[in-house]
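Here's the letter readout for the chains.
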Amino acid sequence: MTKAQPPTRHIVSINDLTNKEIETIFEVAQGFLKELVDDHLPYRIGRSTNLASKFILVSLFYEPSTRTRLSFESAMLRLGGANITSADPAVSSAAKGESLADTIRVISNYADIIVIRHPRDGAARLAAEYAQIPVINGGDGSHEHPTQTLCDLFTLRSKNKNLRSMKIAISGDLKGSRTIHSFVYALARFGATIEPLTAPGMELPAHVDRRLREEFHSRMVSKDQAGTIDALYVTSDQPHQLSLYAEPEIDYGLVLQKKIDAVYVTRFQKERWTEKERPYPRIDAKFLGEPKYSEASVMHPLPRVNELDASLDTDRRAIYFQQAAYGVPVRMALISLLLHLHKNKSLHKFPGGFAKPDYPVYTQPIGTGLHCANQNCITCDPAESQYAANKFYVVERAYRLDIKLRCAYCETDIEAETTDTAFVVADTSRKTFSPGLTALKKAMAEELKLLVI
């Protein structure tokens, strides 16, 4: 009999962390800044501790990185721990064809915590399923980048910004930027208003947009209502779960007149597009000259290319280099909490590393049933598909009286209205077929395994 793995904790999505846990991370990060601050720069860690002297972090990066990888490694060294790294897949066993699942199972024996970056959506989730130690997502395809969002929120907090009443403009490639996807979920959860300033054809992915509206209760202000902007996401002040109750009325006039608290700029994610040149918004002094941006902090996860004018570096509103510096204390906090190095503070551990999901999980043996429709999903990688079951959350939409499927790895939604395929569900116990997904809705959790889509 296989011995059960001890409880652990993985961070793959920003939604793996509760708001209270995010506040705990910030509290610990602020403590590190206070204790270990550089005497000349108040946002920079300048000294070290020996808190993690007995621990090793492995950074496993299948894509280029400067800030994420080096800030994680710096964070571990500042904690007194050690690093081992694989920063170039060309010189690792991946070049020989080794699967991610096998790599994770091996390096789990070499370290105490893993941070991974990978070009495939959902790769971090797959890695977590095969790891015996905590896994942190350092960016997976165009899915999410949760630790960047922690740095972003901490930066806003340092500027005494109140997330509950903030209005954030987000500029650029909202479709390909994993940083943006984590960021908008967090902003919605904390009740901020989101104003997209989208590059042409680079709107938020449909499943991210629907999730903001359906699950985080972010109402849309259309172009007809708002004038010159395409849309505005206004999040109601209530628990962010599907609700049968009507949402409170929002005074959109006041929302539209409110000044912008921060402009978040992101680059064209050329590695995720076939076209290498596209029309793209540029943020410069002229753009920021509008009165509504007079007190707006200018943020960027970096690297920048041509979308953010270098002349803004000396502008009092520019905080993107400070934002990058905060990567060290924030990641120090996350690492130390995951390793339970604080007497009175920690992140909860779970069997399998994740809290119980909000929705029933439909799963089938590898190679059976419906596949994820996202071609960049880790489950569609020929080298990894033999390790990834077809696994979906069964998301019931009470207001529409229907359900949709959400890939457990990349979180892409699959529903009949967005595909050319009609669903048919087979019941392997009764040897019957039924059209649509209604059979999933009627099935008890333990019966889902008997159904094949």
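If you're wondering where the values come from, they're calculated on a predicted model, not measured in any experiment.

### A word on the overall build of the chain
Alright, step 1. The helix and strand inventory of the chain stands at twelve helices and 17 strands.
Alright, step 2. The 453 residues of the chain split such that 55% are buried.
Alright, step 3. Contacts in the chain between residues at least 24 apart in sequence constitute 69% of all its contacts with a sequence separation of at least 6.
Alright, step 4. Carbon together with sulfur atoms contributes 53% to the accessible area of the chain, which is approximately 20600 Å² in total.

### Things to note about the pairing of strand S1 (residues 56-61)
Alright, step 1. With five of six residues buried, S1 lies mostly within the body of the structure.
Alright, step 2. Pairing geometry for S1 and strand S2 (residues 82-86), over five bridges, is parallel. Bridged to Leu-57 within S2 is Asn-83.
Alright, step 3. Note on the crossover from S1 through helix H2 (residues 67-78) to S2: the handedness is right-handed.
Alright, step 4. In the sheet, S1 pairs with strand S3 (residues 113-118) via five bridges, with the strands oriented parallel. Counted as the bridge partner of Ser-59 is Val-115 from S3.

### Notes on the environment of Glu-129
Alright, step 1. Here Glu-129 is to be found in helix H4 (residues 123-130).
Alright, step 2. With relative accessibility at 31%, the residue Glu-129 sits in the partly exposed group.
Alright, step 3. Sequence separation of Glu-129 and Ala-101 is 28 residues, and the distance between their C-alpha atoms is 8.3 Å.
Alright, step 4. Here Glu-129 is in contact with Lys-391 and Tyr-409, once residues within four sequence places are set aside.

### A few points about the sheet that holds strand S4 (residues 135-140)
Alright, step 1. Pairing is parallel in the open sheet, where four strands are placed in the order S2-S1-S3-S4. Both outer strands of the open sheet, S2 and S4, are each paired with one neighbouring strand and no more. On average, each strand axis in the sheet is inclined to that of its neighbour by 15 degrees, with strand direction left out of account.
Alright, step 2. Each of S3 and S4 touches H4; the most contacted strand, S4, lies at about 160 degrees to it.

### Looking at H2
Alright, step 1. End to end, H2 covers 15 Å across twelve residues, agreeing with the expected 16 Å (1.5 Å per residue, within 8%).
Alright, step 2. By the burial criterion, the buried members of H2 are Thr-68, Arg-69, Ser-71, Phe-72, Glu-73, Ala-75, Met-76 and Arg-78.
Alright, step 3. Just downstream of H2 lies Gly-80, where phi reads positive at about 90 degrees.

### Observations concerning the packing of helix H1 (residues 19-36) against helix H11 (residues 327-338)
Alright, step 1. With their axes 8 Å apart at the nearest point, H1 and H11 run at an angle of 120 degrees to one another. With respect to H11, the axis of H1 lies oblique. Note on packing geometry: the crossing formed by H1 with H11 is right-handed. In this structure, H1 uses Thr-24, Ile-25, Val-28, Ala-29, Phe-32, Leu-33 and Leu-36 to contact H11, whose residues at the interface are Pro-329, Val-330, Met-332, Ala-333, Leu-334, Ser-336 and Leu-337.
Alright, step 2. Partitioning the contact of H1 with H11 into residue classes produces twelve nonpolar, two polar and no charged.

### A closer look at the pattern of salt bridges
Alright, step 1. With the rule as written, the count across this model stands at 25 salt bridges.
Alright, step 2. Among the ionic pairs, Glu-73 bridges to Arg-69, the shortest N-O distance being 3.3 Å. With Glu-73 and Arg-69 both in helix H2, this residue pair falls four residues apart, about one helical turn. An identical accessibility class is assigned to Glu-73 and Arg-69; each is buried.
Alright, step 3. Close ionic contact of Arg-304 with Asp-313 constitutes a salt bridge, the shortest N to O distance being 2.8 Å.
Alright, step 4. The partly exposed category is assigned to Asp-313, whose relative accessible area is 30%.
Alright, step 5. Several salt bridges converge on common partners, so that one network encompasses Arg-211, Glu-214, Glu-215, Lys-404, Arg-406, Glu-411 and Asp-413.

### Focus on the packing of aromatic side chains
Alright, step 1. One pass over the structure, following the stated rule, counts nine aromatic pairs.
Alright, step 2. Here Tyr-130 and Tyr-387 contribute two aromatic rings whose centre-to-centre distance is 6.0 Å and whose plane-to-plane angle is 85 degrees, an arrangement assigned as edge-to-face. Residue Tyr-130 is found in helix H4, and its partner Tyr-387 is found in the loop between strand S11 (361-364) and strand S12 (390-397); the two are separated by 257 residues along the sequence. Summarising the burial analysis for this pair, Tyr-130 and Tyr-387 share the class buried.

### Structural notes on the environment of Ser-48
Alright, step 1. Topologically, Ser-48 is positioned in the loop between H1 and S1.
Alright, step 2. Taking the C-alpha atoms as reference, Ser-48 lies 9.4 Å from Val-37; in sequence the two are eleven residues apart.
Alright, step 3. Other than its neighbours up to four places away in sequence, Ser-48 contacts Leu-36, Leu-77 and Arg-78.
Alright, step 4. In terms of polar contacts, Ser-48 uses its side chain to reach the side chain of Arg-78, at 3.4 Å.

### Some points on the confidence of the model for the chain
Alright, step 1. Chain-level pLDDT for the chain is 85 on average; 87% of the residues reach the 70-or-more range.
Alright, step 2. Of the regions scoring below 50 in pLDDT, residues 223-229 engages in nine contacts with residues more than four places distant in sequence or in other chains.
Alright, step 3. In the predicted structure, residues 239-248 sits below a pLDDT of 50 and forms 24 contacts with residues beyond four places in sequence or in another chain.

### A look at the sheet that holds strand S15 (residues 424-427)
Alright, step 1. Across the sheet, which stays open at both edges, the three strands sit in the order S16-S15-S17 with antiparallel pairing between neighbours. Pairing within the sheet leaves two strands with one partner each, and these edge strands are strand S16 (432-435) and strand S17 (451-452).
Alright, step 2. When S15 meets S16, the two strands line up antiparallel, connected through four bridges. Across the sheet, residue Asp-427 finds its bridge partner in S16, namely Thr-432.

### Considering the environment of Ala-123
Alright, step 1. Assignment of secondary structure puts Ala-123 in helix H4.
Alright, step 2. Of the residues examined, Ala-123 reaches a relative accessible area of 0% and is grouped as buried.
Alright, step 3. Beyond its immediate sequence surroundings of up to four residues, Ala-123 is in contact with Leu-100, His-118, Asp-140 and Ile-378.

Criteria and thresholds
- Residues numbered from 1 in each chain as written.
- Predicted model: local features only at pLDDT ≥ 70, side-chain atom pairs only at ≥ 80, totals over all residues.
- Heavy atoms only, no water.
- Helix = DSSP H or I, 4+ residues; strand = E, 2+ residues; numbered from the N terminus.
- Buried < 20%, exposed > 50% of the residue type's maximum accessible area, 1.4 Å probe, protein only.
- Contact = heavy atoms within 4.5 Å.
- Areas by Shrake-Rupley, 256 points an atom, 1.4 Å probe, with all protein chains shown as cover.
- Pairing = 2+ DSSP bridges.
- Right-handed = clockwise from strand over helix to strand, strands pointing away.
- Axes fitted to C-alpha atoms, helices over the stretch in contact; angles between N-to-C directions.
- Expected span 1.5 Å × (residues − 1).
- Parallel < 35°, antiparallel > 145°, perpendicular 65-115°, else oblique.
- Left-handed = near helix turned anticlockwise from the far one by under 90°.
- Nonpolar A, V, L, I, M, F, W, Y, C, P; charged D, E, K, R; others polar.
- Salt bridge = Lys/Arg side-chain N within 4 Å of Asp/Glu carboxyl O.
- Phe/Tyr/Trp six-rings, centres within 6.5 Å; stacked < 30°, edge-to-face > 60°.
- Polar contact = N/O pair within 3.5 Å; in protein donor to acceptor, adjacent residues only side chain to side chain.
- pLDDT = per-residue confidence, 0-100.

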